[in-house]
Every structure is written in structure tokens, then in C-alpha cells.
Amino acid sequence: MTREVSVVETSADPPRSRLSPSAAPVFALGAAVVVLGYLLVTVAASVPAAGRELLSDLLTVPAAASLAVAAGRRARTPSPWQRTWQGVALAGLSWTLAEGSYAVITHLLQWVAAPGLPDVFYLLAPVPLAVGLLRVPVGPVVPGARLRLLLSGLVVALGLFFVTWSVVLPAVTTRGTSMLGRVVFTAYPVLDAVLLTLAAVALVRAGPSTRGRLALLTLGVLCYFGADGAYNYLEALGRYASGSVLDVGWIAGYLLMALAALVREPDRPDGADRPAASADTRGHRADQRALAVTSVVVYLPTAAAIAVAVSWPGRLADPVLVVTGILLLVLIGLRQVLLTVDNGRLTHDLEDQVVQLRRRGDEFRQLADQNSRVVAAVAEGVFGVDPDGRITFVNPAAAQMLGRAADQLVGAREGRVLHDHEAVPAGAGCPIGLALSERVPVDTVADVFRRADGTTFPVELAVGPILLGDRLSGAVVVFRDVSARRAVERMKDEFISVVSHELRTPLTAIRGSLGIVASGVAGDLDQRGTRLIEIAVRSADRLTRLINDMLDIERIESGAEVMRFAAWEARSLVEQAVEGMGPTAADHRVEIVVGPVAGTVQADGDRIVQVLINLLGNAVKFSEPGGRVEVAVGSSGAEVVFRVTDHGRGIPGDKLETIFERFEQVDSSDAREKGGTGLGLAICRSIAHRHGGRIWAESRPGEGATFRLALPASDPVPGTGSSVGTVAGLV
Ligand code: ADP
């Protein structure tokens, strides 16, 4: 839809009015007292005519002035309603001048001449008010709506003018009213009718937030209209007297309009109240409602005018009526043309929209087709669940892996199909339940699914919740059968374990024999022979270490290695590790400095000493001779953190994580030159994980490295302050 819609600006935070919040109720109460009082005086009490006239003047002037002041104050605050209040304030001012001059001329100067100066002000007032009513911010404005509204007002006005001129005025022409007088008296109801039409249409278009003030404005105009109509008729007959019940229409009219300016409502265009529909649709809908109202209002006076013309065809000789009639017909025609054009445009827009929607529908269908083909082609199992855990769709791979037809699965509870339990268990136990309850994606986790025949298979799955804005519409689960991979892994582990064991026995024998040869028991060796034997011994030692490490890591990761947890003072563990590393450090001429050590951990002491020895061993290995290695322990929340720092070559940033993987080294020459296997840190991480702890490295290359091991803290060891655990031996 290409049509432009002008949207009246919304002030998100309405400017604060200078009026106190209690102004409107107090004013309303005062106004009610004034109106009732006036009614009582004029109807019930037998007050002399002069007194009633005075009372009428005393009330109409301030009532009109209150309108000018109330609207004037609102008009000073910038807001979308500012122009409206400016129009109302000007109208109020004009009415104040009209009422004031009427009081002075008629009652003080006793000068009875109608039309006169007050009529100028009376007739001027509706002009700014009409402009103000046309400027009421009504949200999205459909192009042409204002013009149509104005035309409708003019048609109503001319229709009324026609009727008034032809029916009411001939009745009073006997008084010899001048042509000017006839025009003036006819102009009053006509202008009032325009005002009433504009106010009523603005009220119909208003949203809930501005309906109150517009209702008061419309009611005020209606009261004023009633009083004006009666005044004109009586004045034309020469029977009007100030101070009658009739004057209450003006007083109440002014006060109601003033009250409208005092009512505190947010200055928002009404469109803002209905965010669901598009601005354009909203504009059209409000416009259609306004159109329905104006059509009824427009055709009533027109019908009356036609009835008059048909009933008294003789009156049509009056040139004023002829001109008015022609003008009326032209305006009705113009309005109709506008309506037709707009309807045509609307129909065209709607057709456009339908075409676009259809095209978009086709695109969506294509996209949906494509998506379902993609999902169907995926080799992994994919299925969706609703927020209650019921399966909503299944791809062929998932159906095949689960051994069921897709339509058997759709609609069933996933827990029942996959695990043979009914409800979606929320929380850590079930990844799907967790994703649905916490609305977070759950990344690859291991689980076991059940097939239709009752057999189970291991899977790895990932779950993503589907959120539409704030609303959870379900989750999508992607899984893969990992039984084949698990079998291969098991075979590999068994192979490594068997090979390691099988290698260890002959290797021990070789190492032993080499040791004997090296000691000279089997005869003296020349220098070259001794060197070759030394190399063979070093290589056998390295191979033994490698095999031991491999068996170690296998045992820890498979859980075969049982951890014996106890409360250990960190100091005790550090002391054992430093003691174990003493000779190596001395060999490398590196000093190990123990810093502040505090805290107690729940741990398998042997394994933690093993980790610390590995960290200290690396730190010593990568320090220059004469260097320092520091070790310290501190508590941090529920954790106790061990720290080993060296000042060696450091570790590049991209290797800080990978060095914890098996056989990963910063430099491929490290194994050769520094004698490592690349398994030490992998073992350390496995041990840390088995303890529920963490291990990581930090480094600035060239300035050394710091390794930290965080373990769950334990309550301090009671009594001595030393360890209650015992160290079986150092590894
Ligand atoms: P290795 O038996 O090779 O020492 P680790 O797993 O203990 O095996 O260490 C892996 C690699 O991490 C080492 O080969 C070395 O490249 C790097 N590394 C470990 N500690 C340090 C350190 N303190 N300074 C520099 N590099 C280190």
C-alpha cells in the first residue's frame, strides 16, 4: 500500500498542565451550583425581571470568560491539542466580548438594536472554534477526510439555512426585519450546526483517552446551539427577554466547554489507543464511523430543505433560496464525488493489498515447503514439541531412529515416547523440559532414547526453545544416534588399554636389562656403548611415562579410578608437592617460593598433589636456570584457588586452552627437548573435573605463565589445623 498517511505526533510524556489536578472537579461542582441556582431563580423564585436580567449578565459574562481563561492556559502548553485549545480560547474571548458588550449595550445603555455590535462577536466566535475542532488530533488521518468533513458541515449549514430562511423567517417578516437582520438571525443556527457537526464527528473519531473532553465540548456546543436557536426564533418574533430559563443554555454551554479544557487527560491522538491495527486501517475505520454519522446528519437538513421546497414551491421565487438551493446541490454533488473518489482509491488499495497478501502467501507457502523439505532431508533426527511437551512434527530420520511412523509420534508426549514417562520433567533431569521451563537453549547433551520395540540407544541432542516475542510456542529438538560412535570409542579405549598393558610388561624387562647393562654387571662398555645405552634408558623411561600417563587418563576419565575424598588443608598439599619437586628444581637451578597459603579443600589428596607436581614440573621445566617459581593458595567464595606462576617463556593466547587437550604442546619440539608427553595437563583437567573444580592458564608470552586450579572449599579441618588425610605416596 503506497498511500501516505499523516500521523499526528504523539507526545509520549504529556506535558504537565499548570492546573492542579483538583481544578476540574471543583470547577464542575461550582458550575453545577451556578446552573442549578440560575434555574431555581428563573423558574421557581419570583424574582423581578430586572433582577433576572442582571443575574443572567452576571453569569454569562464570567462563564464565557472562564472558557477563554481555561482554554487559554491549556493553549500555552505545547501539545498536539495546542491548536484546538487556541481556537477554543479565541472563541471564548469573542463570546466574552459579545456577552460583555450585550450586557453593556442592552442593559446599561438601554439601547435595543438587533443586529448590533454583540452580534459581530457572537458570529465571529464560531470561526476559531470550528478551526480548533478541525485541528483535534485524531490519530492517523486519511487524506481528504478533513475536506469531506468541512463539506459535510457546509451541507448541513446550507440545509439548515434553507429551512430556517424559508420556514421560520417568513413567519416573522411582519416585524419588518431588515435583510441584514434576516441574514444574521439565520446565520446563528447555521454556524451552530456546523460547530455541532464538527464536534460530533471529532467525538466519534476520538479514542478512549480523549473522549471525555470531546464529549464535554460537544455537549457545550449542543447547549449553546439550543439557546441560540430559541433566542433567534423569539428575537425574530420580538418576544425575547434576557434573564429567562433559556439563558441557561449559554451559561451551561460556556461552562461545559471550559470544563472540557480543565479535564486532565493524556494529550495523545486517539490512534495511540489501538495499537493492534495498522495506522492506515485505524484511520480508515475511524473515518468510516465519522462518515456514517455525518451522512445521517448531512441528509436530515437536506431532506428537510427538499421537503420545504416541495411543500411551498412558491418560496423558491426568493433569490436567496434559489442561490442556497443551487449551492447546496453543488456541495452535495462535490461531497459525493469526493466519497466516490475515496471509495475508488480504497477499493484500489484493498485490491493491491489482496494481491500483495496472495503473493506473500505464495512466498510463505514456498518457504514452508522448502523448510519442510530441508528438515525432511536432514540425516539427524529432528522433532518439535509444544510447551506441554507434545510432539508437533517429526522428520523421517527421527521417525526411523525411533522405530515408529511419524503420525504415531505426532501428538504424543515426548517423555512417554522417548523415555516411557508421562510428564515433561522440568529441570536438570530432562534437557527438553529444561529448555521449555527455563526458555534457554540446551546444547549437545547425552541422553538415551527408547525405540518402539523397547530397546534403547544413546543419543546426543540439542534443544532450542521457540519464542514468539515473549510467548513460548514450543521447542525444536535435534538428535543423533551415537551408538556406532560409542562402540568405536569403546573399542579404541580397550585397544589402548590392552596395548598399554601389553607394552608395559616387556618394557619393564627392557628397562631392567638396560639398567643392568648400564651398571657394568654384564661387562664393561666403551664410551660409545655407554652413550647408546644411556639413550636407550632415556627412551625407555619416556615410553614408560607415556604408557603410565595413558593408562592414568583412561582410568580417571572412565571413572575406574576411585577418588578418595577427604578434607585437606591446602598447605599440606602444597608442602608435599614442593617437597616432591625439590630435586628436579635443584637440578634446573630454579627456586620454588611458597607464598601465602590458606584454605581447606574437599579432595583426593594424592590426585591434587599429582596435579600440583605436574604444574610445578612444567613451571620448573620452562623457567630459565636461576629463575623463580611461586606457588600460593587463596580462598575465593566457595572455592579454594591454587596458583603456580613462573617467569619463563609463557604461552601464546591461542594455546591457553588447547594445551589441556591430549598430546597438545605449544611447540612440537617440547616433547623432545623438555621430555614431556603432552598428557600432563589433560590428566590435571580430568582430575579437576572429577573434583567438580576447574583448571586454566593465563599468560603473557615472554613474561611467564600462571596456572590456577580451583577446587570446592571444605569446612576447615577441626583441631590441629593440619591435614587429616594421609598421603599414600607421591606420583
Ligand atoms: P608435557 O608433558 O609436554 O609438559 P603438559 O600437558 O603438561 O605436557 O603440557 C602441555 C604443553 O603445554 C607443554 O608441552 C608446553 O608446550 C605447554 N606448557 C605447559 N606448562 C607450561 C609453562 N609453565 N610454560 C610454558 N609452556 C607450558
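As recorded by an unreviewed UniProt entry, the protein carries the name histidine kinase and is attributed to Microlunatus kandeliicorticis. Entered under Catalytic activity (unreviewed entry) in the UniProt record, the comment concerning the protein runs "ATP + protein L-histidine = ADP + protein N-phospho-L-histidine." Reading the Subcellular location (unreviewed entry) entry of the UniProt record for the protein gives the comment "Cell membrane".

## Points about the sheet that holds strand β9 (residues 591–597)
Here five strands make up an open sheet; going across it, the order is β9-β11-β12-β14-β13 and the pairing mixed. Only two strands of the sheet have a single neighbouring strand rather than two, namely β9 and β13 (694–699). Sheet twist, expressed as the average angle between the axes of neighbouring strands with direction ignored, equals 15 degrees. Inspection of the sheet shows strand β11 (residues 628–636) paired to strand β12 (residues 639–646) by eight bridges, in the antiparallel sense. For V631, the partnering residue across the bridge sits in β12 and is V644. Contacting β9, β11, β12, β13 and β14 (705–712), helix α19 (residues 605–621) runs over the sheet at an angle of about 25 degrees to β12. Helix α21 (residues 680–690) contacts β13 and β14 of the sheet and is inclined by roughly 135 degrees relative to β13.

## Concerning the side chain of D646
Mapped onto the elements, D646 comes out in strand β12. Look at D646: it is buried, it has no salt bridge, and the nearest opposite charge is R649 at 8.3 Å. Polar side-chain contacts of D646 include one of 2.9 Å to the backbone nitrogen of G648. Leave out the neighbours within four places in its chain, and D646 touches A619, S623, R628, V629, E703, G704 and A705.

## Here's the deal with the sheet that holds strand β3 (residues 381–385)
Taken together, the five strands give an open sheet; going across it, the order is β4-β3-β7-β6-β5, and neighbouring strands pair in antiparallel fashion. Because the sheet does not close on itself, it has two edges, and the strands there are β4 (391–394) and β5 (442–450). Strand-to-strand twist in this sheet, taken as the mean axis angle between neighbours without regard to direction, amounts to 30 degrees. Relative to strand β7 (residues 471–481), β3 is paired through five bridges, and the arrangement is antiparallel. Bridge assignment links F383 to a residue of β7, and that residue is V477. Helix-sheet contacts for helix α16 (residues 483–519) involve β5, β6 (456–468) and β7, and the interaxial angle to β6 is about 130 degrees.

## What about the packing of α16 against helix α17 (residues 527–558)?
A pair of packed helices can be characterised by two numbers: the angle between their axes and the separation between those axes. Close contact between α16 and α17 brings their axes to 9 Å; oriented N to C, the two are set at 150 degrees. When the axis of α16 is compared with that of α17, the two are roughly antiparallel. As α16 packs across α17, the resulting crossing turns out to be left-handed. Side by side, α16 and α17 meet where D493, I496, S497, S500, H501, L503, R504, L507, R511, L514, V517 and A518 of the first sit next to I533, A536, V537, A540, D541, L543, T544, I547, N548, M550, L551 and E554 of the second. Its residues assigned to classes, the contact of α16 with α17 shows 14 nonpolar, five polar and five charged.

## Here's the deal with a nonpolar patch on the surface
Taken together, the side chains of V104, L108, L109 and W111 make up a nonpolar region of the molecular surface, amounting to roughly 460 Å² of accessible area. Among the structural elements, L109 can be located in the loop between α3 (82–108) and α4 (117–124). Its relative accessible area of 54% is what places L109 among the exposed residues.

## A look at helix α9 (residues 248–262)
Its 15 residues give α9 an end-to-end C-alpha distance of 21 Å, which sits within 8% of 21 Å, the value for a rise of 1.5 Å per residue. When you tally the buried positions in α9, you get 15 out of 15 residues, the bulk of the element.

## Digging into the pattern of salt bridges
On inspection of all chains with the given rule, the structure shows 19 salt bridges. A salt bridge links E554 to R662; the nearest nitrogen and oxygen atoms lie 3.9 Å apart. Here the residue E554 occupies a position in helix α17, and R662 occupies one in the loop between β12 and α20 (670–674), the gap between them amounting to 108 residues. R662 sits in the partly exposed class, given a relative accessible area of 31%. E657 is the salt-bridge partner of R685, the closest N and O atoms lying 3.0 Å from each other. In this pair, R685 sits in helix α21 while E657 sits in the loop between β12 and α20, placing the two residues 28 residues apart along the sequence.

## Overview of the packing of α3 against α4
Between α3 and α4, the shortest axis-to-axis distance is 8 Å and the interhelical angle comes to 160 degrees. Of the possible angle classes, the one that applies to α3 and α4 is roughly antiparallel. Every pair of crossing elements has a handedness; the one defined by α3 and α4 is left-handed. Every residue of α4 that contacts α3 at S94, W95, L97, A98, E99, S101, Y102 and I105 is listed here: L117, P118, F121, Y122 and L124. Split by residue class, the contact of α3 with α4 holds ten nonpolar, two polar and one charged.

## A look at the environment of R76
Among the secondary structure elements, R76 is positioned in helix α2 (residues 49–76). The exposed category is assigned to R76, whose relative accessible area is 55%.

## Comments concerning the confidence of the model for the protein
Within the protein, residue pLDDT values average 82, and 85% of them lie at 70 or more. Summarising per-element confidence for the protein, the mean pLDDT is lowest in strand β1 (residues 6–7) (36) and highest in β12 (96). For residues 269–279, every residue scores under 50 in pLDDT, and the model assigns this stretch 29 contacts once sequence neighbours within four places are set aside. Scored below 50 in pLDDT, residues 720–731 shows 22 contacts in the model against residues more than four places distant or in partner chains.

## Some words on the packing of aromatic side chains
Under the counting rule described, the total for this entry stands at eleven aromatic pairs. With 5.4 Å between their ring centres and 55 degrees between their planes, W95 and Y254 make a pair best called tilted. Of this pair, W95 sits in helix α3 while Y254 sits in helix α9, and the two are 159 residues apart along the sequence. A relative accessible area of 1% means that W95 is categorised as buried. Y254 gets classed as buried once you look at its relative accessible area, which sits at 0%. Site record: aromatic cluster; members linked through ring pairs are Y122, Y188, Y231 and W250. Here the basic side chain of R213 rests over the ring of W81, its NZ or CZ set 4.2 Å away from the ring centre. Lying across the ring of F660, R685 places its NZ or CZ 4.2 Å from the centre.

Calculation criteria
Residues numbered from 1 in each chain as written. Predicted model: local features only at pLDDT ≥ 70, side-chain atom pairs only at ≥ 80, totals over all residues. Heavy atoms only, no water. UniProt positions renumbered as here; feature names shortened; annotations may be inferred. Pairing = 2+ DSSP bridges. Helix = DSSP H or I, 4+ residues; strand = E, 2+ residues; numbered from the N terminus. Axes fitted to C-alpha atoms, helices over the stretch in contact; angles between N-to-C directions. Contact = heavy atoms within 4.5 Å. Buried < 20%, exposed > 50% of the residue type's maximum accessible area, 1.4 Å probe, protein only. Lys, Arg positive; Asp, Glu negative; His and termini not counted. Salt bridge = Lys/Arg side-chain N within 4 Å of Asp/Glu carboxyl O. Polar contact = N/O pair within 3.5 Å; in protein donor to acceptor, adjacent residues only side chain to side chain. Parallel < 35°, antiparallel > 145°, perpendicular 65-115°, else oblique. Left-handed = near helix turned anticlockwise from the far one by under 90°. Nonpolar A, V, L, I, M, F, W, Y, C, P; charged D, E, K, R; others polar. Patch = residues over 30% accessible without salt bridge, like charges linked within 9 Å, V, L, I, M, F, W, Y side chains within 5 Å. Areas by Shrake-Rupley, 256 points an atom, 1.4 Å probe, with all protein chains shown as cover. Expected span 1.5 Å × (residues − 1). pLDDT = per-residue confidence, 0-100. Phe/Tyr/Trp six-rings, centres within 6.5 Å; stacked < 30°, edge-to-face > 60°. Lys NZ or Arg CZ within 6 Å of the ring centre and 35° of its normal.

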